[in-house]
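A closer look at the structure
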Amino acid sequence: MQTLLPPGWPRPRGYANGVAARGRMVFVAGMIGWDAEGLFHTDDLAGQVRQALQNVVAVLAEGGARPEHIVRMTWYVTDRKAYVAAYPEIGKAFREIIGSFNAAMTAVEVAGLIEDRAQVEIEVTAVVPD
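Figured I'd write up the structure that's included with this text. (Residues numbered from 1 in each chain as written. Predicted model: local features only at pLDDT ≥ 70, side-chain atom pairs only at ≥ 80, totals over all residues. Heavy atoms only, no water.)

**Things to note about the sheet that holds strand S6 (residues 120-128)**
Taking strand neighbours across the sheet as the criterion, the 4 strands line up as S3-S6-S4-S5 in an open arrangement whose pairing is mixed. Of all strands in the sheet, those bounded by a partner on one side alone are strand S3 (24-31) and strand S5 (104-109). This sheet shows a mean twist of 10° between the axes of neighbouring strands, independent of strand direction. Of the strand pairs in this sheet, strand S4 (residues 70-77) and S6 are connected by 7 bridges, and their pairing is antiparallel. Paired with Trp-75 across the two strands is Ile-122, which belongs to S6. Against the sheet, helix H1 (residues 45-62) engages S3, S4 and S6, with an angle of about 30° to S6. (Pairing = 2+ DSSP bridges. Helix = DSSP H or I, 4+ residues; strand = E, 2+ residues; numbered from the N terminus. Axes fitted to C-alpha atoms, helices over the stretch in contact; angles between N-to-C directions. Contact = heavy atoms within 4.5 Å.)

Next up, the structure:
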């Protein structure tokens, strides 16, 4: 995987502007903060992010991929201010579960998600090297 940073651009913190990769692609649908049985254990945003990331890793593993193969993430959050306020806890969960690497990332505030209790939904594209 190669991160893409045009000359003269400042390096983004915690993500990449772009990524180039070769290999087998694995696509993970939007994962929310419930467990394998569809139960929420918290209404805390950072807690839901932690669970959603664990769900992402579980689905990746089924496809023969690992967190370091993630090239793109899209995060949908229902409250931008709560998301920004939870940066430290979210960052800690991200480093523990995903690791420290730079995928191309987008975060979007949405009016709501299909599951009423869900505060975050994370979808992922991974590329497993040839």
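**Description of the packing of aromatic side chains**
Counted according to the given criterion, the structure contains 3 aromatic pairs. Look at Tyr-83 and Tyr-87: their rings are 5.4 Å apart centre to centre, the planes differ by 80°, and that puts the pair in the edge-to-face class. A relative accessible area of 13% means that Tyr-83 is categorised as buried. Members of the aromatic cluster, each reached through a chain of ring pairs, are Trp-75, Tyr-83 and Tyr-87. (Phe/Tyr/Trp six-rings, centres within 6.5 Å; stacked < 30°, edge-to-face > 60°. Buried < 20%, exposed > 50% of the residue type's maximum accessible area, 1.4 Å probe, protein only.)

**Regarding the side chain of Gln-48**
Along the chain, Gln-48 turns up in helix H1. Under the relative-accessibility criterion, Gln-48 is labelled buried at 0%. Polar side-chain contacts of Gln-48 include one of 2.8 Å to the backbone nitrogen of Gln-119. Aside from chain neighbours lying at most four places away, what touches Gln-48 is Gly-33, Phe-40, Thr-42, Asp-43, Arg-117, Ala-118, Gln-119 and Val-120. (Polar contact = N/O pair within 3.5 Å; in protein donor to acceptor, adjacent residues only side chain to side chain.)

**Topic: the environment of Ala-29**
In this structure, Ala-29 sits in strand S3. The exposed category is assigned to Ala-29, whose relative accessible area is 53%. In sequence terms Ala-29 and Trp-75 are 46 residues apart; their C-alpha atoms lie 11 Å from each other. Beyond its immediate stretch of four places on either side in the chain, Ala-29 contacts Ile-122 and Glu-123.

**A short note on the side chain of Asp-35**
Tracing the backbone shows Asp-35 in the loop between S3 and H1. The buried charged residue Asp-35 lacks any salt bridge partner; its closest oppositely charged side chain belongs to Arg-117, at an N-O distance of 10 Å. From its side chain, Asp-35 meets the backbone nitrogen of Glu-37 in a polar contact 2.9 Å long. Separated by 2.6 Å, the side chains of Asp-35 and His-41 make a polar contact. For Asp-35, the contacting residues outside a window of four places in its chain are His-41 and Gln-51. (Lys, Arg positive; Asp, Glu negative; His and termini not counted. Salt bridge = Lys/Arg side-chain N within 4 Å of Asp/Glu carboxyl O.)

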